[in-house]
Amino acid sequence: MKRLRTYIYLIVLLPVLGYTQVGIGTRTPSADLHVADPAGTVRIESLNATNNPTYNDGVNLAPVFVDGNGDIVLGNGTGASGQEPLNFLIEVPNFIDDNVDANGFGRGAVVNSDDSGESAVQDRIAQVVFTTPVRGIIELKYAVSAWVAGSDLNLGCSPCAYPDNSESVVFQTYFVVDLNSDGLDALESSRVYGYNGQYFLSNNAGGQGYAYINGIANFKAPAGTHTLYLYGIVQDSASSYTSVGFGGAEDFLKIRVFN
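Calculation rules
Residues numbered from 1 in each chain as written. Predicted model: local features only at pLDDT ≥ 70, side-chain atom pairs only at ≥ 80, totals over all residues. Heavy atoms only, no water. Patch = residues over 30% accessible without salt bridge, like charges linked within 9 Å, V, L, I, M, F, W, Y side chains within 5 Å. Areas by Shrake-Rupley, 256 points an atom, 1.4 Å probe, with all protein chains shown as cover. Salt bridge = Lys/Arg side-chain N within 4 Å of Asp/Glu carboxyl O. Helix = DSSP H or I, 4+ residues; strand = E, 2+ residues; numbered from the N terminus. Core = buried A, V, L, I, M, F, W, Y, C linked by side-chain atoms within 4.5 Å. Buried < 20%, exposed > 50% of the residue type's maximum accessible area, 1.4 Å probe, protein only. Contact = heavy atoms within 4.5 Å. pLDDT = per-residue confidence, 0-100. Pairing = 2+ DSSP bridges. Axes fitted to C-alpha atoms, helices over the stretch in contact; angles between N-to-C directions.

Moving on: a nonpolar patch on the surface. A surface patch of nonpolar side chains, about 350 Å² in accessible area, is lined by Val42, Ile44, Val64 and Ile72. Tracing the backbone through its elements, the reader meets Val64 in strand β3 (residues 64–66).

If you want it as structure tokens, here you go:
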């Protein structure tokens, strides 16, 4: 009788041992792991901030990926865990040379619109090279200082001539991107990013100081080394002389790579 009971138990248990689907909140799972609770969650402690601080800072949400082995991991979604983070930041403080004169005045990169008929002048004022190890979306955030004068800032500012002809002067900045740093082609030159500006209204009762231009832009880039070119624009009347020094004070550029 004892042997017969053992056989019966084995026959009953075999179907259970061979069935691998697990249901949470349901007795009829439709997948290997089925969480049926509409408010249910799954916790994987190996991915928490304590056990995986590289990719999970405990404050921001950390996306997960399925790697080449089929494992759920934190990382960048390109392979096993332990790869580069999902996004990373390149900071370039004061990325325009202050170009300080003998009196300690920061002129930065100077763009002049003279009084001989020019009303809109632009020039390249900075370039930054950066490298991204993966293809992704690039986010640029920048702030550039600007000083407006009525005489050539390349000659110094001790003091600068104040523009007092009661007109508006517009000064602007934008980036173009040389992907792979192989020289700007026609298409790359036509794509303008982070276009922004300020205006200066001159009169005989104003003062001088640094203003700031802020901008943000997004574009796609392949893995590799790329070059950003920043341009400055000055617009005034054709009969006025306007000199704008871009970047004479503290500036910043932040390049974030999302992959």
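Counting residues in hydrophobic clusters, the biggest one holds 34 residues, and the most contacted among them are Phe95, Phe175, Phe219, Leu228 and Phe246. Among the elements that line this core, the one with the most residues is strand β8 (residues 136–149), at six residues. When near neighbours in sequence (up to four residues on either side) are disregarded, Phe219 contacts Phe130, Gly136, Ile137, Ile138, Leu140, Val177, Leu179, Tyr193 and Leu228. With seven residues, the next largest nonpolar core counts Val110, Trp147, Ala149 and Leu153 among its residues.

Confidence along the protein chain averages 82 in pLDDT terms, with 83% of residues attaining 70 or more. Segment residues 6–14 is flagged for pLDDT under 50; beyond a separation of four residues in sequence, or across chains, it makes zero contacts in the model.

What follows concerns the sheet that holds strand β10 (residues 193–201). Consider a sheet: its strands pair through backbone hydrogen bonds, and that pairing is either parallel or antiparallel. Here we have four strands laid out as an open sheet, ordered β7-β12-β9-β10, and antiparallel in their pairing. For this open sheet the edge positions go to β7 (120–132) and β10, each flanked by a neighbour on one side alone. Along the sheet, successive strands turn relative to each other by an average axial angle of 15 degrees, direction set aside.

The element strand β9 (residues 168–178) is largely enclosed, with a buried count of nine among its 11 residues. For β9 and β10, the ladder comprises seven bridges, and the chain directions are antiparallel. Bridge assignment links Phe171 to a residue of β10, and that residue is Gln198. As paired strands, β9 and strand β12 (residues 224–235) are joined by nine bridges and run antiparallel to one another. Among the inter-strand pairings, Val177 is bridged to a residue of β12, identified as Leu228.

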